[in-house]
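Per-entry structural report
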Amino acid sequence: MSDSGELAAILRAWRERLTPHMAGLPANTARRTKGLRREELAVLAGVSVDYIVRLEQGRASAPSAQVCAALAQALQLGDTEQEHLFRLAGHATDGGRISRLVPASIRRLVERTGERPMAVFDAMWNLLLWNRLWATLAGDPSQVREADRNVLWLHFTGTSDCHLYGPGGAEALDASLVADLRRSTGRYPDDAQLRQLVARLDETSPQFRELWQRHEIAEHGPTIKRVVRSEVGTLDLDCDILTTQRQDQRILMYTAEPGSESDSKLALLATIGTIGTQHMMDGSIQ
């Protein structure tokens, strides 16, 4: 159960203590608001201003785990504060449920690794956090429904513009993803979102259904990803995966062979993405 009253009060307090300078935003106009404006927090968290208003007035439904992660990043919460936010929103991880709480140290790692696309996923491969270059390379995840920000859903429904290649070919890659998901169902038997994802995939994808019925268990490993971007063309990137010990989260980073054509294209995308993001932020904050 969520506590909307306490959640509303603490979100206002956290917003008011964070200055524009601390958040990396311009503060060159007279301000009547203590700390960040609601509009500024909305931009940083990738949600609507109306939703921030309703949250702070206790009129909104409890934010999802993905929204909590975005708010925690935007408000620069420490681990204890972030855990409190998740509990107030009804996302405590007791009883065999997957943690969607990204530790502050991991958030800093992602934010400060700007030269390479990097993102954090939970144990069922839901996207929780990403840097600017990830959004430039794979498309802005904030424009996608939260329910669809899942690696397996995008992969097995064919809605992703990126193509993965595993060491054993396409079939082995598919089997690896499904076996990894089944491993998570054993580790988190009480997670409702995980059960819902399996049901959606089973209903939508015959390929997933056939692989799921094999009952294979494995940990998904590194792959090669081919991405086609209109700005630069085709990039072939190595995808490395690090797993956090405490939260069982997966940190993905894409790299290209130094000096290769893909490496040059990735550097160009980084420049394009930085310019585009700055223009978006400058035009959104009043």
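Residues numbered from 1 in each chain as written. Predicted model: local features only at pLDDT ≥ 70, side-chain atom pairs only at ≥ 80, totals over all residues. Heavy atoms only, no water.

In this section: the overall build of the protein. Within the protein, the secondary structure is distributed over 13 helices and six strands. Buried residues in the protein amount to 47% of all 286 residues. Of all intrachain contacts in the protein linking residues separated by at least 6 positions in sequence, the fraction that spans at least 24 positions is 58%. As displayed, the protein offers around 14100 Å² of accessible surface, 50% of which is attributable to carbon and sulfur atoms. (Helix = DSSP H or I, 4+ residues; strand = E, 2+ residues; numbered from the N terminus. Buried < 20%, exposed > 50% of the residue type's maximum accessible area, 1.4 Å probe, protein only. Contact = heavy atoms within 4.5 Å. Areas by Shrake-Rupley, 256 points an atom, 1.4 Å probe, with all protein chains shown as cover.)

Glancing now at unusual backbone geometry. Excluding glycine, residues mostly have negative phi values, and the peptide bonds linking residues are mostly trans. Phi angles above zero are rare outside glycine, and Gln76 is one such case at about 55 degrees. Positionally, Gln76 belongs in the loop between helix H5 (65-75) and helix H6 (79-88). Residue Trp125 is not a glycine yet carries a positive backbone phi of 70 degrees. Relative to the helices and strands, Trp125 is located in the loop between strand E1 (118-121) and strand E2 (127-130).

The subject of this paragraph is helix H3 (residues 38-45). Those residues of H3 not exposed but buried are Glu40, Leu41, Ala42 and Ala45. On the buried face of H3, the contacting elements are helix H1 (4-17), helix H2 (20-23), helix H4 (49-56) and H5. Count one or two residues on from H3 and you reach Gly46, which has phi positive near 70 degrees.

Bringing the confidence of the model for the protein into the picture now. On average, the protein scores 84 in pLDDT, and the residues at 70 or more come to 88%. Per-element mean pLDDT across the protein ranges from 60 in strand E3 (residues 162-165) up to 95 in helix H12 (residues 206-212). A low-confidence stretch, residues 274-286 (pLDDT under 50), is modelled with nine contacts involving residues beyond four sequence positions or located in other chains. (pLDDT = per-residue confidence, 0-100.)

So, about the packing of aromatic side chains. When we look at a pair of aromatic rings, we describe it by the centre distance and by the angle of the planes. Counted according to the given criterion, the structure contains five aromatic pairs. Here Phe121 and Trp125 contribute two aromatic rings whose centre-to-centre distance is 5.6 Å and whose plane-to-plane angle is 50 degrees, an arrangement assigned as tilted. For the pair shown, Phe121 and Trp125 are each scored as buried. With a centroid separation of 5.4 Å and 20 degrees between ring planes, the pair formed by Phe208 and Trp212 is classed as stacked. (Phe/Tyr/Trp six-rings, centres within 6.5 Å; stacked < 30°, edge-to-face > 60°.)

On to the pattern of salt bridges. Opposite charge on two side chains makes pairing possible when the charged atoms of those side chains draw close. A full pass over the atoms with the stated rule returns 19 salt bridges. Arg200 is paired through a salt bridge with Asp148; the nearest N and O atoms lie 3.1 Å apart. Of this pair, Arg200 sits in helix H11 (residues 192-204) while Asp148 is found in the loop between helix H8 (132-138) and helix H9 (151-157), placing the two residues 52 residues apart along the sequence. For Asp148, a relative accessible area of 15% puts it in the buried group. Arg214 is the salt-bridge partner of Glu210, the closest N and O atoms lying 3.3 Å from each other. With a relative accessible area of 40%, Glu210 lands in the partly exposed category. (Salt bridge = Lys/Arg side-chain N within 4 Å of Asp/Glu carboxyl O.)

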